[in-house]
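Observations on chain architecture
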Amino acid sequence: MNSHAFSRRAIGLAAVLLGLTTFAHAGPPLICRAIEIGQAKTLPWVDLSYQKGSGGYDLKNLTRDTLGILDSNPSVLVRMETLRRATIYARQDPQVAKELLTRLYARATNSRCR
């Protein structure tokens, strides 16, 4: 194979790979993409780049707020969006994440669906 043919194939391969990258999405869709729920009540959304004490969401309320929303019997999409937001918030504090996971696990294992 001459160098001209190799160059053409390499450029073609690069073009195909670059074209395919526009279809790639970062992260799992259930975490990285918001679910459209209209005006339904869920956890408030704030910019995660805020500084503590600057009016961002108070993580000490996360478990209570999340369970309160889930207990209000919302639609499946609202439940999914609430859990998505709770997951993102909980990633900021391992203790809050542990509390939320423990309460959600207890709720799931004590459910009527057993």
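Residues numbered from 1 in each chain as written. Predicted model: local features only at pLDDT ≥ 70, side-chain atom pairs only at ≥ 80, totals over all residues. Heavy atoms only, no water.

1. Some points on the overall build of the protein chain
As a reminder of what qualifies: Strands are runs of DSSP state E lasting at least two residues, helices are runs of H or I lasting at least four, and both sets are numbered from the N terminus onward. All accessible-area figures derive from a Shrake-Rupley calculation using a 1.4 Å probe, and residue coverage is judged against the displayed protein chains alone.
Looking only at helices and strands, the protein chain has five helices and zero strands in total. Start at the N end of the protein chain and walk to the C end: the helices and strands fall as α-α-α-α-α. With an accessible surface of roughly 8,700 Å², the protein chain has 60% of that area assigned to carbon and sulfur atoms.

2. Remarks on the packing of aromatic side chains
Inclusion rule: Stacked, edge-to-face and tilted are the three classes for Phe, Tyr and Trp ring pairs, Trp counted by its six-membered ring, which pair at centre distances within 6.5 Å; planes under 30 degrees apart are stacked, over 60 edge-to-face, the rest tilted. When accessible area is computed with a 1.4 Å probe and restricted to protein chains, residues below 20% of their type maximum are described as buried, those above 50% as exposed, and intermediate ones as partly exposed.
Summed over the entire model, instances satisfying the criterion amount to two aromatic pairs. Both rings, one in Trp45 and one in Tyr89, keep their centres 5.5 Å apart while their planes meet at 40 degrees; by these two values the pair is tilted. Of this pair, Trp45 sits in the loop between α2 (29–32) and α3 (62–71) while Tyr89 sits in helix α4 (residues 76–90), and the two are 44 residues apart along the sequence. A relative accessible area of 43% places Trp45 in the partly exposed class. For Tyr89, a relative accessible area of 0% gives the class buried. An angle of 25 degrees between the planes, with centres 4.7 Å apart, marks the rings of Tyr57 and Tyr89 as stacked. A residue pair is termed long-range when its members are at least 10 positions apart, and Tyr57 in the loop between α2 and α3 and Tyr89 in helix α4 qualify at 32 residues.

3. Let's talk about the confidence of the model for the protein chain
Inclusion rule: Every residue gets a pLDDT, meaning the predictor's confidence in that residue, from 0 to 100.
In this model, the protein chain carries a mean pLDDT of 77, and residues with pLDDT of at least 70 account for 62%. Looking over the protein chain, one finds the lowest element-wise mean pLDDT in α2, namely 61, and the highest in α3, namely 94.

4. Looking at the nonpolar core
Definition in use: The definition of a nonpolar core used throughout is a set of buried Ala, Val, Leu, Ile, Met, Phe, Trp, Tyr and Cys residues joined through side-chain atoms within 4.5 Å. The contact criterion used is simple: two residues touch if any of their non-hydrogen atoms lie within 4.5 Å.
Counting residues in hydrophobic clusters, the biggest one holds 14 residues, and the most contacted among them are Leu43, Tyr57, Leu59, Leu62, Ala86, Tyr89 and Leu100. Where this core is concerned, the elements lending two or more residues are α3, α4 and α5 (94–109). It is α4 that provides the largest number of residues to this core, a total of four residues. In contact with Leu100, other than residues within four places in its own chain, are Leu62, Thr63, Thr66, Ala86 and Ala90.

5. Thoughts on the packing of α3 against α5
Keep this limit in mind: To obtain an axis, a line is fitted to C-alpha atoms, over the contacting stretch when the element is a helix, and the angle between two such axes runs from 0 to 180 degrees between their N-to-C directions. Just so you know how the angles are binned, under 35 degrees is roughly parallel, over 145 roughly antiparallel, 65 to 115 roughly perpendicular, and the rest oblique. Here a crossing is called left-handed whenever its near helix is offset anticlockwise from the far helix by less than a right angle, and right-handed whenever the offset is clockwise. Residues are sorted three ways: Asp, Glu, Lys and Arg are charged, Ala, Val, Leu, Ile, Met, Phe, Trp, Tyr, Cys and Pro are nonpolar, and all the rest, Gly among them, are polar.
Contact geometry of α3 with α5 gives a least axis separation of 9 Å together with a crossing angle of 30 degrees. Relative to α5, the element α3 lies roughly parallel. Along this stretch, α3 crosses α5, giving a crossing that reads as right-handed. Contacts between α3 and α5 pair Leu62, Thr63, Thr66, Leu67, Leu70 and Asp71 from the former with Val96, Glu99, Leu100, Arg103, Leu104 and Arg107 from the latter. Split by residue class, the contact of α3 with α5 holds six nonpolar, two polar and four charged.

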